[in-house]
Amino acid sequence: MSSLKIAVVGHTNAGKTSLLRTLLHSRQFGEVDQRPSTTRSVLEQGVWLEGQQLLAFYDTPGLESGSELFNEVEAFVEQFRHDGPAQIRAFLASALADDRFAQEAKVLRQLLQSDAAFYVIDCRDPVLPKYQDELHLLTRCGKPLIPVLNYTAAAGQQEQAWRQALAKLSLHAVVAFDTVTPPEGGEAYLLESLATVVPSAAGALKELIAWRGKEREQRLHGALHAVAELLVDVASYQEVVPQSAPDHELQTAIERLQRRIRMREQDTVRSILNRFAFLPEDAIAEQLDSASGAWQEDLFAPEVLKAWGKDAGFGIGAGAATGAGIDLMVGGMSLGAATALGAAAGGLYQSWRHLGEKLKQRWRGQRELHVDNATLAALTGRQLYLLQQLVRRGHAATETLTIAKSHRVSREQFKTIEQSLGPILAHTPDIDRQRVVTELAGKLEENWSA
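Scoring rules and cut-offs
Residues numbered from 1 in each chain as written. Predicted model: local features only at pLDDT ≥ 70, side-chain atom pairs only at ≥ 80, totals over all residues. Heavy atoms only, no water. Helix = DSSP H or I, 4+ residues; strand = E, 2+ residues; numbered from the N terminus. Buried < 20%, exposed > 50% of the residue type's maximum accessible area, 1.4 Å probe, protein only. Contact = heavy atoms within 4.5 Å. Areas by Shrake-Rupley, 256 points an atom, 1.4 Å probe, with all protein chains shown as cover. Phe/Tyr/Trp six-rings, centres within 6.5 Å; stacked < 30°, edge-to-face > 60°. Lys NZ or Arg CZ within 6 Å of the ring centre and 35° of its normal. Expected span 1.5 Å × (residues − 1). Pairing = 2+ DSSP bridges. Axes fitted to C-alpha atoms, helices over the stretch in contact; angles between N-to-C directions. Core = buried A, V, L, I, M, F, W, Y, C linked by side-chain atoms within 4.5 Å. Parallel < 35°, antiparallel > 145°, perpendicular 65-115°, else oblique. Nonpolar A, V, L, I, M, F, W, Y, C, P; charged D, E, K, R; others polar. pLDDT = per-residue confidence, 0-100. Arc of directions from axis to C-beta. Salt bridge = Lys/Arg side-chain N within 4 Å of Asp/Glu carboxyl O.

(A) Fine view of the overall build of the protein chain. A tally of regular secondary structure across the protein chain gives 17 helices and eleven strands. Across the 450 residues that make up the protein chain, the buried fraction comes to 49%. Within the protein chain, counting contacts between residues at least 6 apart in sequence, those at least 24 apart form 75% of the total. Of the roughly 21400 Å² of accessible surface on the protein chain, a fraction of 48% belongs to carbon and sulfur atoms.

In structure tokens form, the structure reads like this:
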């Protein structure tokens, strides 16, 4: 089967190019502007599936002189009373089609060559005679015409008035499809409407709908995986500073860690925008107020040492359990000797590997900065907010999306994420980072709410 030819027609600035941007998932198709007649010629764009072109969309110039054109075409009505397409062709053969109504003639020619058409309506506008005249002309081309009500989410829209006016022209297969915030399942419904009026294309359109649905799932899955990678990376970030570092050195280390977090988040935002076929400038993240700089847990806090002793199956002296210090803990031996003793003791060796780096840092007079849970919760909330907005956003949207500081998950919502990140936050040796990423992405997907 040859590709289905669909003309996209309508009055100037009704949103024809916007509709195609959303259907084609392309922010860069055509030109969108508030100036009249932005599209001056017919633009073609194909939709392909597995190497076969299924659809050919034709973006046409805006109709501007519908009522005047209607009066001119009426001059041919007696000759072609019962043959609308012949009446339109007679007009197109006249001098007026190349002069005064050259723009409208391009629309009519394309419609005659197409299998069907979407008539895009800005339903913020009232139902005016010029629009009704346009519809009368377009229906005389003898092609299936599907009215598409655009901007239905806008305040003051007149969707019901338009539906009533369209019914008077026997146009009942009306689709409400806001190109800026498309309804859930709106794209599938729009394609299904084509299958209704062009039954020969029903099979191919069904395949396209299924493929688009699978594509959406893969896009979301990949984006959640990218968020999981962001969280795992940031949770592993750390800065080691001398125990005796002055305040300005400590502040420099904190700022360095914060910059690293912000850059990593920006990379993820760009990656997600690209997955959803949006441009880098389509979203901006407010500078994250990263708390960061939280101290890693104190190795000599009683609860830490008790847990260590319990996990290792090796008794810890009372002095160490109350935080007496490293000399008491290792019996006055060097770190190397303590390590050897731990290896001989068996169970203690595993715990030594778990906390060994932290002990070495303390022994060397170093302290460790890492990212706190509040920052991780903020990163999670911001990325999930971005995803929620993108799955609802049409590619006709031009307003920049702002990811605000306030977009964060609650402490309760963060619990399952914190559990998955546990080995990373604890800097467990030999951790399988990819396994953590996969597990975390699964939990994000389980809790996904679009």
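(B) Up close: the packing of aromatic side chains. For the structure on display, the rule yields three aromatic pairs. Taking 5.6 Å as the distance between ring centres and 45 degrees as the angle between the ring planes, the aromatic pair formed by Tyr131 and Trp162 counts as tilted. Residue Tyr131 is located in helix α5 (residues 129-139), and its partner Trp162 is located in helix α6 (residues 159-167); the two are separated by 31 residues in the primary sequence. Residue classification places Trp162 among the buried residues on the basis of a relative accessible area of 2%. Over the face of the ring belonging to Tyr237 we find Arg260, whose NZ or CZ atom lies 3.8 Å from the ring centre.

(C) Region of interest: helix α7 (residues 186-197). Along its twelve residues, α7 runs 17 Å from first to last C-alpha, staying within 8% of the 16 Å computed at 1.5 Å per residue. Every buried residue of α7 is listed here: Gly186, Glu187, Ala188, Leu190, Leu191, Ser193, Leu194 and Ala195.

(D) Spatial organisation of the sheet that holds strand β5 (residues 145-150). Pairing is mixed in the open sheet, where six strands are placed in the order β2-β3-β1-β4-β5-β6. Bordering the open sheet on either side are β2 (43-49) and β6 (175-176), each of which pairs with just one other strand. Bridge analysis of strand β1 (residues 4-10) against strand β4 (residues 116-122) gives five bridges, and the strand direction is parallel. Opposite Gly10, over in β4, you have Val120 as the bridge partner. Of the strands in this sheet, β1, β2, β3 (52-59), β4 and β5 touch helix α1 (residues 16-24), which is tilted by about 160 degrees from β3. The sheet strands contacting α7 are β1, β3, β4, β5 and β6, and the helix crosses β4 at an angle near 135 degrees.

(E) Layout of the nonpolar core. Judged by nonpolar contacts, the single largest core of 45 residues is most densely connected at Leu376, Leu387 and Leu421. Looking at this core, the elements that each hand over two or more residues are α8 (202-236), α9 (247-275), α15 (373-392), β11 (401-403), α16 (411-425) and α17 (433-446). The dominant element in this core, judged by the number of residues it contributes, is α8, at ten residues. Apart from the residues lying within four places of it in its own chain, the contact partners of Leu376 are Leu231, Val234, Ala235, Val371, Phe414, Leu421 and Leu425. Core analysis: the next-biggest nonpolar cluster, separate from the first, contains 32 residues, Leu23, Leu24, Ala195 and Leu208 among them.

(F) Here's a closer look at the environment of Ala201. Along the chain, the position of Ala201 falls in the loop between α7 and α8. By relative accessible area, Ala201 is classed as buried at 1%. Measuring from C-alpha to C-alpha, the distance between Ala201 and Leu54 comes to 8.7 Å, with 147 residues separating the pair along the chain.

(G) Structural detail: the packing of α16 against α17. The geometry of α16 relative to α17 is characterised by a closest axis approach of 9 Å and an angle of 175 degrees between their N-to-C directions. Relative to α17, the element α16 is oriented roughly antiparallel. Along the contact surface, α16 presents Thr416, Ile417, Gln419, Ser420, Leu421 and Ile424, while α17 presents Arg433, Val436, Glu439, Leu440, Lys443 and Leu444. Considered class by class, the residues forming the contact of α16 with α17 number six nonpolar, three polar and three charged.

(H) Expanded view of the pairing of β3. Buried residues dominate β3, accounting for seven of its eight residues. What sits between β2 and β3 in their antiparallel hairpin is a turn of two residues, with Glu50 showing a positive phi close to 50 degrees.

(I) Main features of the confidence of the model for the protein chain. A residue-level look at the protein chain finds 79% of positions with pLDDT of 70 or above and a mean pLDDT of 80. Per-element averaging of pLDDT across the protein chain places helix α11 (residues 318-321) at the bottom with 35 and β4 at the top with 95. Every residue in residues 34-38 is under pLDDT 50, and counting partners more than four places away or in other chains gives eleven contacts. Throughout residues 292-354 the model reports pLDDT below 50, and contacts reaching past four residues in sequence, or to other chains, amount to 90 contacts.

(J) Representation of α6 within the structure. By the burial criterion, the buried members of α6 are Glu159, Trp162, Ala165 and Leu166. On an axial view of α6, the arc spanned by its buried residues comes to 125 degrees, and they lie on one face. In this fold, the buried residues of α6 make contact with β4, α5, β5 and β6.

(K) Examining the pattern of salt bridges more closely. Summed over the entire model, instances satisfying the criterion amount to 17 salt bridges. Linking Arg100 and Glu72 is a salt bridge whose minimum nitrogen-to-oxygen distance equals 3.8 Å. Placement of the pair is Arg100 in the loop between α3 (84-92) and α4 (102-113) and Glu72 in helix α2 (residues 66-73), with a sequence separation of 28 residues. Residue classification places Glu72 among the partly exposed residues on the basis of a relative accessible area of 26%. When the shortest N-O distance is used, the salt bridge between Arg163 and Glu159 registers 3.1 Å.

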